[in-house]
Every structure is written in structure tokens, then in C-alpha cells.
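Residue strings, one per chain:
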Amino acid sequence: MGHFHPLLVHLPIGMLAALAVLELAAFLPRFKNAAASAGFILALAAPLAVVTAVCGWLLSLAGGYDVQLLAWHKWLGTATAAGSVLAAMFFWRGEFLAYRVSLFATAGVLMAAGHLGGSLTHGSDYLTQYAPAPVKKLLGIASTKKTSTPVSLAELRRQPVFAGVIVPLLENKCVRCHGAEKSKAGLRLDSFAALQAGSDDGLMLKPGNAAQSPLVQRLLLPADSDDHMPPAGKPQLTAGEIALLKWWVNAGMPETNTLDSLAPPPEVLAVLPAR
Ligand code: HEC
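Residues numbered from 1 in each chain as written. Predicted model: local features only at pLDDT ≥ 70, side-chain atom pairs only at ≥ 80, totals over all residues. Heavy atoms only, no water.

Side note on the overall build of the chain
No. 1: In terms of helices and strands, the chain carries 12 helices and zero strands.
No. 2: Radius of gyration (C-alpha) of the chain: 25 Å, far over the 19 Å computed for a compact globule of 275 residues.
No. 3: Along the three orthogonal principal directions, the C-alpha set of the chain runs to about 80 × 40 × 30 Å.
No. 4: Relative to its 275 residues, the chain shows a buried fraction of 37%.
No. 5: Here the chain has roughly 16,000 Å² of accessible surface; of this, 65% comes from carbon and sulfur atoms. (Helix = DSSP H or I, 4+ residues; strand = E, 2+ residues; numbered from the N terminus. Rg over C-alpha atoms; globule rule 2.2 N^0.38 Å. Buried < 20%, exposed > 50% of the residue type's maximum accessible area, 1.4 Å probe, protein only. Areas by Shrake-Rupley, 256 points an atom, 1.4 Å probe, with all protein chains shown as cover.)

See below:
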């Protein structure tokens, strides 16, 4: 039932936001009847908000989310559901001032809850990640994102293999679910130490033995297997990228050695220009 949360959540959001706007408009004489259907909207929005919050609570039990973000999102989401019920109750008792105050307060809390929910699912920099530089500047966001400038193959071969080729691969295809904000199965793939540490279930990579490494095994499972990584529907590794990872694990998971010093076989070198 938890998986219904991202589907349902947009209904109470839209209804509560629309109701708040209608109530604001109703302050103007010209639109004084704008909120005439408020009772109807509340009768839909309040129960939906409660069901959505319950589904969200269930979804949170799956774990793997940034603990602090999740805690805030949970409480603000609960407050949104409680606020909508409160607003509905005041409305039906005819206490219209209290109704409007709780509606506007709920709409404010809703915005914060929604923003945190977006950060949980998409990562906190999702919205502004590709924003034009002037917009970023306006919002006071430093361009901290490492932009990978294209390097020549010769240059790449002189870089440490981990930073040069393994990190970008994992960043692209794995870290959105196995990083600081989300770490599914307790597994993080965003640093060398994390790769060595493995997951809640133990070691995921055995240096020198790709075939016995659960992480590599998962990449090699049929795409429709439940255990296949990345999960179905997400950007997949190419055959070349899998070959690259396998080679790196079999080479003993070197961190600082340069690519050249490890003398990679031609099929691995052939993958690199594709980057
Ligand atoms: C869309 C989210 C998502 C992406 C992207 C993703 N994973 Fe996962 N991963 C999960 C989830 C959810 C689980 C836990 C469920 C399971 O075990 O299948 C998991 C589990 C794992 C496990 C098992 C951990 C254990 O304790 O048994 C490994 C290994 C793994 N992922 C590796 C990867 C690698 C390598 C990539 C990138 C190539 C990747 N994942 C990309 C969501 C993702």
C-alpha cells in the first residue's frame, strides 16, 4: 500500500492548493462566490490527505531514505493531514474564521512537506541541478556539482582508475538510490570506503573475485529478475560498463593506481572513449 503514496499525494495537494487560492480570491468583492464549493472540496481533500499520509507512513517503513529529511517530511505530512481534517471540522461547524486560518496554515505546511517529499524521491538538487547559471546565482546556489569536463583517453589513462572511471559510472547509474540521501539496502556506492563496507547484508564486492561479488552478480542477472540492478525501468549499465566494473574488481579494486599502470585489456580500453 505504501507504493500508492506517490500516486495519491498529488490529489490532496491540488485540492488544498486550489481551495486556498479560491478562499483568497473570495476576499475580493468581484470573486466573492469563488469558494462556494469549499465544503465539497474539503469532503474530498481531508479523507484523501489522511489516506495519503497513512500510505506515506507505510512507504517510509521500506527504509533507505535520509533519516533527517524523512523525519521532517513525515511530521509535516502528518500535520498537513491533521490540518485538513481540522479545517473541514471548523467549516462544518460554521466557524469560518478558524476554518480559513487552519486552511492557510495547512497550505503553508503542505508546501514545505511537498518540497521535502520531492527531495526524498529525486534528491535535494533535482529542481535546480540544470538551472541556468543566473537562476542558480539568484537562488544562492553555488555550482558545487562536479561537472565532468571531457578528458582525452590519454589523459584518462594517467588518472587514478577509481576516480577516473569507476566513480563517474556509479554516479550515473547507482548513486541516486545508493548515496547519502537514499541508501537502499543500507548500501552506499558514493565513496571508496562505502564500496568496501558493503550493505546491511555484508560485503558486496570481493577484491580479485568479481564472480563471487554479489554486486557484480546482480548486474549480470536477467533484466526481468527482481534482484537485477539497476531495477527495471531505470537507466541500465551497458555491456561495456559491466565489463569495466568486472575488470576493476578482478584487478583487486585498486583505488589510486592509474589506469595505465594496471594495463587493462583491449575490451576495457574500448569502453572508455564511449564516456
Ligand atoms: C532506482 C533505485 C536503484 C538504483 C538506480 C540502483 N539500485 Fe541497487 N538497490 C535498490 C533497492 C531498492 C535495493 C534493495 C532491494 C533489493 O535487494 O533488490 C537495492 C539493492 C542492491 C544491492 C543488494 C544489497 C544487499 O544488501 O543485498 C546491490 C549490490 C545493489 N543494489 C547494487 C546496485 C548497483 C551496482 C547499482 C548501479 C549499477 C544500483 N544498485 C542501482 C535500488 C536501486
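Looking at a nonpolar patch on the surface
No. 1: Together, Met1, Phe4, Leu7, Val50, Val54, Trp57, Leu58, Leu61 and Trp75 make up an exposed nonpolar region whose accessible area comes to about 970 Å².
No. 2: Ranked by residues supplied to the nonpolar patch, first place goes to helix H3 (residues 38-60) with four residues.
No. 3: Along the chain, Met1 falls in the segment before helix H1 (5-8). (Patch = residues over 30% accessible without salt bridge, like charges linked within 9 Å, V, L, I, M, F, W, Y side chains within 5 Å. Salt bridge = Lys/Arg side-chain N within 4 Å of Asp/Glu carboxyl O.)

Concerning the site of the ligand
No. 1: Inspection of the region around the ligand gives 19 residues, with Cys174, Cys177, His178, Ser199 and Met229 positioned closest.
No. 2: For the ligand, a nitrogen atom lies 2.8 Å from a polar atom in the side chain of His178.
No. 3: No other element matches the three residues that helix H10 (residues 214-220) contributes to the shell around the ligand.
No. 4: Among the residues making up the shell around the ligand, the classes are represented as 12 nonpolar, two polar and five charged. (Near = heavy atom within 4 Å. Polar contact = N/O pair within 3.5 Å; in protein donor to acceptor, adjacent residues only side chain to side chain. Nonpolar A, V, L, I, M, F, W, Y, C, P; charged D, E, K, R; others polar.)

So, the domain arrangement of the chain
No. 1: Here the chain is described as being made up of domain 1 (2-122) and domain 2 (153-274).
No. 2: One C-alpha centre belongs to domain 1, the other to domain 2; they are set 42 Å apart.
No. 3: The interface of domain 1 with domain 2 comprises seven residues on the first partner and five residues on the second.
No. 4: Taken together, the two surfaces of domain 1 and domain 2 that pack against each other cover about 500 Å², and 39% of this comes from carbon and sulfur.
No. 5: For the pair domain 1 and domain 2, the number of links is two residue pairs in polar contact (both at pLDDT 80 or more).
No. 6: Of the residues belonging to the side of domain 1 that touches domain 2, the class tally is two nonpolar, four polar and one charged. (Domains from an automatic or database assignment. Contact = heavy atoms within 4.5 Å. Buried area = accessible area lost by both parts, 1.4 Å probe.)

Regarding the coordination of the iron atom of the ligand
No. 1: Those donors, His178 (NE2) and Met229 (SD), are the protein atoms that reach the iron atom of the ligand, and they lie 2.0 to 2.2 Å from it.
No. 2: Between the six donor atoms coordinating the iron atom of the ligand, the angles at the centre fall across 87 to 179°, so the site counts as octahedral. In this pair, His178 is assigned in the loop between helix H8 (161-173) and helix H9 (192-197) and Met229 in the loop between H10 and helix H11 (239-250), connecting sequence segments 51 residues apart.
No. 3: On the basis of relative accessibility, which here comes to 9%, the residue His178 falls in the buried class. (Donors = N, O, S within 2.8 Å, 3.2 Å for Na, K, Ca; no water. Tetrahedral: all angles 85-135°; square planar, octahedral: opposite > 155°, others 65-115°.)

A look at the packing of helix H2 (residues 10-25) against helix H5 (residues 96-122)
No. 1: The contact between H2 and H5 brings their axes to 10 Å, and the two run at 130°. One element, H2, and the other, H5, form an angle in the oblique class. For the element pair H2 and H5, the recorded crossing hand is left-handed. Between H2 and H5, the contacting residues are Ile13, Leu16, Leu19, Ala20, Glu23 and Leu24 on the first element and Tyr99, Arg100, Leu103, Phe104, Thr106, Ala107 and Leu110 on the second.
No. 2: Residue composition of the contact of H2 with H5, by class: 10 nonpolar, one polar and two charged. (Axes fitted to C-alpha atoms, helices over the stretch in contact; angles between N-to-C directions. Parallel < 35°, antiparallel > 145°, perpendicular 65-115°, else oblique. Left-handed = near helix turned anticlockwise from the far one by under 90°.)

What about unusual backbone geometry?
Peptide bonds are mostly trans, and most non-glycine residues show a negative phi.
No. 1: With omega at -15°, the peptide bond leading from Met229 into Pro230 counts as cis.
No. 2: The topology assignment puts Pro230 in the loop between H10 and H11.
No. 3: A positive phi angle, near 55°, is found at Met253, a position not held by glycine.
No. 4: A residue is classified by how much of its surface remains accessible, and Met253, at 6% relative accessible area, is buried.
No. 5: Within the chain, Ala263 stands out as a residue other than glycine whose phi angle is a positive 45°.
No. 6: For Ala263, a relative accessible area of 58% gives the class exposed.

Quick look at H5
No. 1: Taking 1.5 Å as the rise per residue, H5 with 27 residues should run 39 Å; its terminal C-alpha atoms sit 38 Å apart, in good agreement.
No. 2: Buried residues along H5 sit in contact with H2, H3 and helix H4 (67-92).
No. 3: Among the residues trailing H5, Gly123 stands out with phi positive, at a value near 95°. (Expected span 1.5 Å × (residues − 1).)

Here we look at the environment of Lys206
No. 1: Considering the arrangement of structural elements, one finds Lys206 in the loop between H9 and H10.
No. 2: For Lys206, a relative accessible area of 38% puts it in the partly exposed group.
No. 3: In this structure the C-alpha to C-alpha distance between Lys206 and Met253, which are 47 residues apart in sequence, comes to 8.4 Å.
No. 4: Sequence-distant contacts of Lys206, defined by excluding residues within four places in its chain, comprise Gln212, Ser213 and Val249.

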